[in-house]
Amino acid sequence: PQPARPFQLRVVLRAAGLNSHSSDEEDANVQTKKITKKHLKIQKEKHVTFEEKEKTEMHFSPQKSEADDEEESFLDKREQNIKANKAMVKKKVYQYELNVRRAPQRRGAPRPNQTKPHVVRPVEDITEEELELVADNMTEKVYNKVSGSTCHQCRQKTIDTKTCCRNEDCRGIQGQFCGPCLRNRYGEDVKKALLNREWQCPPCRGICNCSFCRQREGRCPTGILFPLAQYHGFSDVHSYLTRYYQMKNEARTE
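Keep in mind that what you see is a predicted model, and the values were worked out from it rather than measured. (Residues numbered from 1 in each chain as written. Predicted model: local features only at pLDDT ≥ 70, side-chain atom pairs only at ≥ 80, totals over all residues. Heavy atoms only, no water.)

### So, the overall build of the protein
Inference 1: Helices and strands together make up the secondary structure of the protein, namely eight helices and two strands.
Inference 2: Counted from the first residue to the last, the protein has its helices and strands arranged as α-α-β-β-α-α-α-α-α-α.
Inference 3: Relative to its 254 residues, the protein shows a buried fraction of 24%.
Inference 4: As presented, the protein carries roughly 19,900 Å² of accessible surface, and 53% of it is formed by carbon and sulfur atoms. (Helix = DSSP H or I, 4+ residues; strand = E, 2+ residues; numbered from the N terminus. Buried < 20%, exposed > 50% of the residue type's maximum accessible area, 1.4 Å probe, protein only. Areas by Shrake-Rupley, 256 points an atom, 1.4 Å probe, with all protein chains shown as cover.)

### Focus: the environment of Ile 173
Inference 1: Within the secondary structure, Ile 173 is located in the loop between β2 (157-158) and α3 (179-186).
Inference 2: Since its relative accessible area comes to 28%, Ile 173 is described here as partly exposed.
Inference 3: Between the C-alpha atoms of Ile 173 and Cys 151, which are 22 residues apart in sequence, the distance is 7.5 Å.

### Concerning the nonpolar core
Inference 1: Of all hydrophobic cores here, the largest spans 17 residues; its most connected members are Leu 182, Leu 194, Trp 199 and Cys 201.
Inference 2: Sorting the residues of this core by element identifies α3 and α4 (190-194) as the ones contributing at least two each.
Inference 3: With three residues, the top contributor of residues to this core is α4. (Core = buried A, V, L, I, M, F, W, Y, C linked by side-chain atoms within 4.5 Å.)

### Overview of the packing of aromatic side chains
Inference 1: Under the defined criterion, the tally for this structure stands at three aromatic pairs.
Inference 2: Aromatic side chains Phe 177 and Tyr 186 sit 5.7 Å apart centroid to centroid with 85 degrees between the ring planes, which places their arrangement in the edge-to-face category. Like Phe 177, the residue Tyr 186 is buried in the burial classification.
Inference 3: Seen in terms of ring centroids, Phe 234 and Tyr 240 are 5.6 Å apart; in terms of plane orientation they differ by 70 degrees. Their pairing is edge-to-face.
Inference 4: With relative accessibility at 25%, the residue Phe 234 sits in the partly exposed group.
Inference 5: The ring centre of Tyr 245 lies 4.8 Å from the NZ or CZ of Arg 219, which sits over that ring. (Phe/Tyr/Trp six-rings, centres within 6.5 Å; stacked < 30°, edge-to-face > 60°. Lys NZ or Arg CZ within 6 Å of the ring centre and 35° of its normal.)

### What to know about helix α8 (residues 237-253)
Inference 1: Across its 17 residues, α8 extends 25 Å between first and last C-alpha, which sits within 8% of the 24 Å expected from 1.5 Å per residue.
Inference 2: Structurally, the start of α8 carries an N-cap: the backbone nitrogen of His 238 is 3.2 Å from a side-chain oxygen of Asp 236. (Expected span 1.5 Å × (residues − 1). Polar contact = N/O pair within 3.5 Å; in protein donor to acceptor, adjacent residues only side chain to side chain.)

### Describing the confidence of the model for the protein
Inference 1: Within the protein, residue pLDDT values average 78, and 63% of them lie at 70 or more.
Inference 2: In the predicted structure, residues 16-21 sits below a pLDDT of 50 and forms one contact with residues beyond four places in sequence or in another chain. (pLDDT = per-residue confidence, 0-100. Contact = heavy atoms within 4.5 Å.)

### Section: unusual backbone geometry
Working note: non-glycine residues mostly have negative phi, and peptide bonds are mostly trans.
Inference 1: Look at Arg 155: it is not a glycine, yet its phi comes out positive at around 60 degrees.
Inference 2: The exposure class of Arg 155 is partly exposed, given its relative accessible area of 34%.

### Details of the pattern of salt bridges
Inference 1: Summed over all chains, the structure comprises six salt bridges.
Inference 2: Of the charged contacts in the structure, one is a salt bridge between Arg 197 and Glu 124, with a shortest N-O distance of 2.8 Å. Pair noted here: Arg 197 is in the loop between α4 and α5 (202-205) and Glu 124 is in the loop between α1 (16-98) and α2 (128-132), with a separation of 73 residues, a long-range link. Both residues of the pair, Arg 197 and Glu 124, belong to the exposed class.
Inference 3: Here Arg 205 ties to Glu 188 by a salt bridge, and the two come within 2.9 Å at their closest N and O atoms. Taken together, the residues Arg 205 in helix α5 and Glu 188 in the loop between α3 and α4 connect sequence positions 17 residues apart. (Salt bridge = Lys/Arg side-chain N within 4 Å of Asp/Glu carboxyl O.)

Structure, rendered in structure tokens:
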């Protein structure tokens, strides 16, 4: 008989701590992966929502912003215009009411080649046709740069008949006034002035209230003052200004 083989028992021992530790790590890794996937999914949803919102805003915002910009620019311009108009009106009223005087601005000697010689027309040379061409209102004035004559007050070159100053020292077109200007600004009639042998123009009498003459005297221009003179019961601007300066001097003396 064969001899019996010795029995061998092999036991493999494993540390329980290592198995539990590895299983915990595996559980933690699985849980971390789940959390990471969930977090990535939430971030992706947020990103998609943000992109959609941004696209929506980009799609609708330009029209709204352009309309708002136009409205704001319009309101800003309107506010600036109102401020500028208020400042201008305030300045003109201040100069007019207080009669701020500055150094008179005298013109230099006129150039001989640019100054028209003053011709004193006698009353006998005035014809009926010329008297009929005197304009009674502004609608009857016809502009003509070639054959028209310039009014000293309104500076408009028209074909209607103007006044003729009988002062020999008058110069150029200084003595020419149209019908509406002479009536509204000085209360005189062109036809009567043409038939008067001693009639002198307002600049020669020192009562001209046109913008150029007032600026040479250091005064501000009156502008369109005829409606205001009518409102206060005066027939012309000269009468209104004369009464205004009289009241002002009386107030100063008192």
